[in-house]
Amino acid sequence: MSDAAAGSVAGSVATRSPLAQGLDLLQQYGVLVAFVGLFAFNAIWQGDAFLKPENLRNLLNQNAAVGIVAVGMTLVIVAGGIDLSVGAVMALAAAVGMLAMNGLAGMVDAEGAGQFVPLLAGFASAIGVGLACGALNGGLVTLGRIPAFIATLAGLIGFRSITLALAEGGEIRADPAITAVQAIGRDGLAIPGVVNAYDKPVVFYWTILLFLVVVVLGQLTLSRTRLGRHLVAVGSNELAARYSGVPVARVKLWSYTIVGFCAALGGIASTVRMNSVSSSQLGLYAELDAIAAVVIGGTSMTGGRGRVWGTMLGVLILVMITNMLSLWQVEVYWQGFVKGVIIVLAVLIQRGRAS
């Protein structure tokens, strides 16, 4: 680079206003600042109640399923797509898994032994359904060339309808013989040195650990693997990625298959927590909460830029906001409005950076 060109670049950087530099910092670390600020506010305003280990544990546990789905949604949005069917996929996968599990309940003896095979069959069936639904969505988008919004909107309606038909509009409860489902939902790893008000160890539930594992794997996939680089390339400029030799259709197909897998895991997490599957309520609006977490976390809705750790913080921010609104006795009908305002603000900040 010539001295004149170098001087021009340096001058352009130097002449950037403090406001522009501040907006860049807000884009990079705003979600972290918001998380720390909200956590501190809750800790001060709610006193010891918010900081109780079992309260923090329960807040995480109640939202682990949506957090798992949000990780998969991050990968899809980074690639320039979107999946509106994830909540319905959660319900369908959970329903099929529960039916498969109950169908093998006869293998369990009077003492409760022999639960491993029904449990494994149920979980495997749920994951298989999630992968199939994700691959179907991906196929419609890539091979059928249907816009992602339309293809996954059809999935949202269709998959939920199948679930309602399987459950006859009601819920599917775990067979009483299969006690392992509820046991998994209530079990986990005891946190060393942490006890509740009854002097009993506080347990870190398996669903929370699953959420954290999915976050780590999602971040590693996005930042350290070829698939992650291809997702970013396709989302940034699909035509340029195709000319560069990136298998665009395959990459998109993988992104939808992965989010289907995450939806199935979210369905399993909800199942073990509730010990039942509600055909109408499980996963309802999960796609909206997942998209909200992704946007708040700093992932661009136009694709090409995203971070899974930001999505995790986005989930936690939504958890704390919902908790705050509940304690303020704000009607549940208004809580969606607050989430909508937060999404709009997050998108406006992203647009400011892009400009």
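Preceding this section is the structure that the text describes.
Each chain has its residues counted from 1, following the order in which its sequence is written. Predicted model: local features are reported for residues with pLDDT of at least 70 only, side-chain atom pairs are reported and counted for 80 or more only, and whole-chain, interface and lining totals are derived from all residues. With hydrogens and water excluded, all non-hydrogen atoms of the structure serve as input to the side-chain values.

Undergrad: Honestly, the layout of surface pockets in this entry has me stumped. Any pointers?
TA: Empty space among the atoms becomes apparent when a probe as large as a water molecule is rolled across them. There is about 1,000 Å³ of room inside the largest pocket. A 1.4 Å probe that fits but cannot get out identifies a cavity on a 1 Å grid over protein atoms alone, an open set with protein on both sides within 12 Å along at least five of seven lines counts as a pocket, and a residue lines either if it has an atom within 4 Å of a point. Along its surface, the largest pocket is lined by 38 residues, and Gln62, Asn63, Val66, Leu284 and Asp289 are the ones closest to its centre. Think of it this way: any DSSP run of H or I at least four residues long counts as a helix, any run of E at least two long counts as a strand, and we number them from the N terminus. Looking at the lining of the largest pocket, the elements with two or more residues in it are helix H4 (53–78), helix H12 (248–274), strand E4 (276–278), helix H13 (286–296), helix H14 (308–327) and helix H15 (332–354). Top contributing element to the lining of the largest pocket by residue count: H4, with seven residues. Grid points are joined across faces, edges and corners, and a volume is the space filled by probe spheres set on the points.

Undergrad: Is there a simple way to explain empty space enclosed by the protein in this structure?
TA: Evaluation of the coordinates by the stated rule reveals one cavity of 30 Å³ or more. Along the walls of the largest cavity sit Ala93, Ala94, Gly97, Met98, Met101, Gly122, Phe123, Ala126, Ile268 and Thr271, which together make up its complete lining. It is helix H5 (residues 86–103) that contributes the most residues to the lining of the largest cavity, five residues altogether. Gly is placed with the polar residues, together with every amino acid not listed as nonpolar (Ala, Val, Leu, Ile, Met, Phe, Trp, Tyr, Cys and Pro) or charged (Asp, Glu, Lys and Arg). Split by residue class, the lining of the largest cavity holds seven nonpolar, three polar and no charged.

Undergrad: Any chance you could explain unusual backbone geometry here in plain terms?
TA: Most of the time, phi is negative for any residue but glycine, and the peptide bond is trans. Here the phi dihedral of Glu168 falls at roughly 55 degrees; this positive angle occurs in a residue that is not glycine. Mapped onto the elements of the fold, Glu168 is located in the loop between helix H7 (148–167) and strand E1 (171–173). Of note, Tyr285 is a non-glycine position whose phi angle comes to about 65 degrees, a positive value. Residue position: Tyr285 is located in the loop between E4 and H13.

Undergrad: What's the story with the nonpolar core in this structure? I'm lost.
TA: Buried together is how nonpolar side chains tend to be arranged in soluble globular proteins. Membership of the largest hydrophobic core comes to 90 residues, with the highest contact counts inside it found for Ile68, Met73, Met90, Val181, Leu231, Val277 and Ile317. Non-local contacts of Val181, meaning those with residues more than four positions away in its chain, are made with Met101, Leu119, Ala174, Thr271, Val272 and Asn275. The set of buried Ala, Val, Leu, Ile, Met, Phe, Trp, Tyr and Cys residues whose side-chain atoms join them within 4.5 Å is what this entry labels a nonpolar core. Think of it in three bands: residues with accessible area under 20% of the maximum for their type are buried, residues over 50% are exposed, and the middle band is partly exposed, with areas taken using a 1.4 Å probe on protein chains only. Whether two residues touch is decided by their heavy atoms; if any such pair falls within 4.5 Å, the residues are in contact.

Undergrad: I'm lost on the environment of Leu99 in this one. Help?
TA: Mapped onto the elements, Leu99 comes out in helix H5. Given a relative accessible area of 37%, Leu99 falls into the partly exposed group. It is 30 Å that separates the C-alpha atoms of Leu99 and Val141, two residues lying 42 residues apart in sequence.

Scope: geometric values only; no functional claims are made or implied.
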